[in-house]
Amino acid sequence: MANAAALKVLVSGDVDGNFDQLFSRIRSIQKKSGSFDLLLCVGNFFGKDESNWKPYLAGEKKVPISTLILGPNQQEHVRFYRGKDGAELCDNVTYLGKKGMFTGSSGLQLAYLSGLESSSDKGDDTHFCNKDISSLTLPVISDSKFKGVDILMTSQWPRAVDKYGIKMDSLDTSSCGSESVSQLAIHLKPRYHFAGLEGEFYERQPYRNHKVLADKEKHVTRFIGLANTSNKEKKKFIYAFNITPLSVMEMSELTKQPPDVTECPYKLTMSKQALQNQTEEKSAQFFYDMTEKKNSRKRHHDGGGPERKHQKKHPQPTGPCWFCLGSPEVEKHLVVSVGDHNYLALAKGGLVDDHILILPIGHHQSTVLAPSEVVDEIDRYKTALKKCYKSMGKAVVFFERNYRTQHLQIQVVPVPMDCVCEIKEAFMDCSQSEGFELHEIPKHSDLKQIVPPGAPYFYAELPSGDKLLHRISKNFPLQFGRDVLASPQILNMTERVDWKACKVSKEREADQASDFKSVFLEFDFNELD
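Note that this is a predicted model, so its numbers are computed, not measured.

Participant: Just checking my understanding: could you explain the overall build of the protein for this structure?
Facilitator: Each helix and strand in the protein was counted, giving twelve helices and 23 strands. Counting all 529 residues of the protein, 53% fall into the buried class. Once local pairs closer than 6 in sequence are excluded, the contacts in the protein between residues at least 24 apart make up 72%. Of the roughly 25,000 Å² of accessible surface on the protein, 47% is carried by carbon and sulfur atoms.

Pasting the structure below:
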C-alpha cells in the first residue's frame, strides 16, 4: 500500500537566481534516477540578476519539473512575485503564497511559511508575524483528527534545532533561526521540515512528536537544512527522497520509531489550551444566525427557540474580506442560505435578478485550495440550484475566476433553456477574440488534479456537462464570464457586462434576496436535512 502511493520529491536550498545550474542538475538526476514528481525550493529563489529569469519567463527555456517555491525574504526580490496568495510565475514554477496548507491530489499534505520573522507585531512582503503563525496553527489545534503534515517548508531555520542532536560546529542554532518557526513545527508535526538561508547542510536525527510513556506514539520529524545552489564548498543543496502521504499509511508503519530518534528540540511556549481559547474567541465572529421562516421545516430546541447552526471554526483572513461571512464588510441582507461550510448570496449587480454566488464561510481563495468538506458542500449546493432553476424552466452556468481575487466566488447564472446548445460556442468564440484558449477537460475530472495550488485560472461548468478551463499566465479580462453570458446569443444584455452598471438600491437587493430565498427553500438541503 505504501510503496504504491510513494512520491519522488526533490528539495533545493537557496537558488539565488542560478536557474540554469539548478535545472541542469535536476535533468542529470532525472536521467540517472528516473522522473521525480515535484521540486520544492526553500530560501531565496531569485537573485540580483534579472536576466537569468527572463528566458524562463518568456518560455525560451523550460523548467523540467513541477516546482513550488516560497515567497521573498529580501525587498529587492518582491518585484518577481505577484500577490500574497500565490501565483504561477512561469510554466512549471508556482509561488505557493505567504503561508498556507494544501493537500495534493495524491494526498500529500504540504504546509509552507514564506519570509523572515518580523521584529514587530506586523508582517509585510518579506516578513511574517504572530498572526501568520496563528492562522496556520489554530485550525489544527481544534481538529481532533489532525495527525500532522507530510512536509513543512520554511525559509528560516527553527531556533535551537540541534538540541539533543548532533551539534553543528559551523552554526550557532541558539542564536540564528526563528523561535516562531520552532513553535510552528511543534503544532504542525511535519514528517519532513526543510529550510534554507543559512548556507549550510544539516540533516538532523529524527525527533519524537510525543512524550515517551505519557502520549500515544506519533510519527517522527526529520529536519533538513540545505545549502546554496552555487556554494563552492560542495555542500549538499539538493535532497531527494520518497514519501508516502500519511493519509494513506497504516498507523503502525507511520509511527515506527527509528533507532537514532531523539526528544523534540523545541520547548512549547504557547499551550494548546491558550491556542484553543484564541480559536474559540476568534471563531465566534463566524456565527451567522439565519432568520427563521414561519414555514421552516427545521425542528426546534426544547427551549422553544429556533435551532441554530453549530458554530464552526473557519479559516480567517489576515485583513478585511468582503466575503467571509463573519466579516463586518459582508452585506448580510444578500444572504439566502447558510450551510456548514458555505453560503449562498445574491450577486451584487447581478446579470439577472436571480444571479447567485456560492461562497465559503471561512477564508479560502479557490476551489483548488479549499478542503474536501468545503468542495463537497459546494457540489451539494450546485445540485440543489440546478433543481431550483429547472423548476423555473431555466438552465444554469457556474464559473469561477481565480485571478485578482482573495476569496473563492462561484458565479451562478441562470440562462434560458433554448440557448443551452449555444453556450459552449459562445465561450469559445469570446476566448478566441480575447486572444487566449479555453480547454475542454473531461466531465468527471477533478480540478485539483489539473491545476497546481496557487495557479490562477478561469473555470466554467455548462448545462451540457462540459467543463472549460483556462490557466491564466498573463492579463485576463476580469468580466470574461459575464461578457460571454451577456452576449446576444445567450442573455442578449451586453449593457450589463459591468456589474457596477447593474447595481440597485439596498432595499431592492433585500427584496430580490427574499424572493429567491422563498423559491429556493424547498430545494435547500439545510432545511431538508
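Participant: Sorry, what's going on with unusual backbone geometry here?
Facilitator: Generally, phi is negative for residues other than glycine and the peptide bonds are trans, each holding for most cases. Phi is positive for K189, close to 50°, though the residue is something other than glycine. For K189, the position within the fold is in the loop between helix 4 (179-188) and strand 11 (190-195). For K189, a relative accessible area of 13% corresponds to the buried category. Despite not being glycine, L197 has its phi angle at roughly 75°, a positive value. Position of L197 relative to the elements: it lies in the loop between strand 11 and strand 12 (202-203).

Participant: Before we go on, may I ask you to explain helix 4 in this structure?
Facilitator: Because each turn of an α-helix spans 3.6 residues, side chains separated by three or four positions end up pointing in the same direction. Helix 4 sits mainly inside the fold: nine of its ten residues count as buried. Within helix 4 the residues assigned to the buried category are S180, V181, S182, Q183, L184, A185, I186, H187 and L188. The N-capping residue of helix 4, defined by a side-chain oxygen 3.2 Å from the backbone nitrogen of S180, is S178. Immediately beyond the C-terminal end of helix 4, within one or two residues, lies K189, with a positive phi of roughly 50°.

Participant: Would you mind showing me how to read the sheet that holds strand 2 (residues 38-41) here?
Facilitator: Paired through backbone hydrogen bonds, the strands of a sheet run either parallel or antiparallel to each other. The strand order across the open sheet built from six strands is 4-5-3-2-1-15, with neighbouring strands paired in mixed fashion. Looking at the sheet topology across the chains shown, the edges are occupied by strand 4 (87-90) and strand 15 (238-243). Sheet twist, expressed as the average angle between the axes of neighbouring strands with direction ignored, equals 25°. Relative to strand 3 (residues 67-69), strand 2 runs parallel, the two being bridged by three bridges. Bridging across to strand 3, L39 finds its partner in T67.

Participant: What am I meant to see in the state of the cysteines here?
Facilitator: A covalent bond between the sulfur atoms of two cysteines is referred to as a disulfide. For the structure shown, the criterion picks out zero disulfides. Unpaired in this structure, C419 has its nearest cysteine sulfur neighbour in C421, at a distance of 7.9 Å.

Participant: I would appreciate a short explanation of the confidence of the model for the protein in the present structure.
Facilitator: Any segment with low pLDDT has predicted coordinates that should not be analysed in fine detail. On average, residues of the protein score 87 in pLDDT, and 88% of them are at 70 or above. Below a pLDDT of 50 lies the segment residues 274-311, which in the model reaches 64 contacts outside its immediate sequence neighbourhood of four places, other chains included.

Definitions and cut-offs
- Residues numbered from 1 in each chain as written.
- Predicted model: local features only at pLDDT ≥ 70, side-chain atom pairs only at ≥ 80, totals over all residues.
- Heavy atoms only, no water.
- Helix = DSSP H or I, 4+ residues; strand = E, 2+ residues; numbered from the N terminus.
- Buried < 20%, exposed > 50% of the residue type's maximum accessible area, 1.4 Å probe, protein only.
- Contact = heavy atoms within 4.5 Å.
- Areas by Shrake-Rupley, 256 points an atom, 1.4 Å probe, with all protein chains shown as cover.
- Polar contact = N/O pair within 3.5 Å; in protein donor to acceptor, adjacent residues only side chain to side chain.
- Pairing = 2+ DSSP bridges.
- Axes fitted to C-alpha atoms, helices over the stretch in contact; angles between N-to-C directions.
- Disulfide = S-S within 2.5 Å.
- pLDDT = per-residue confidence, 0-100.

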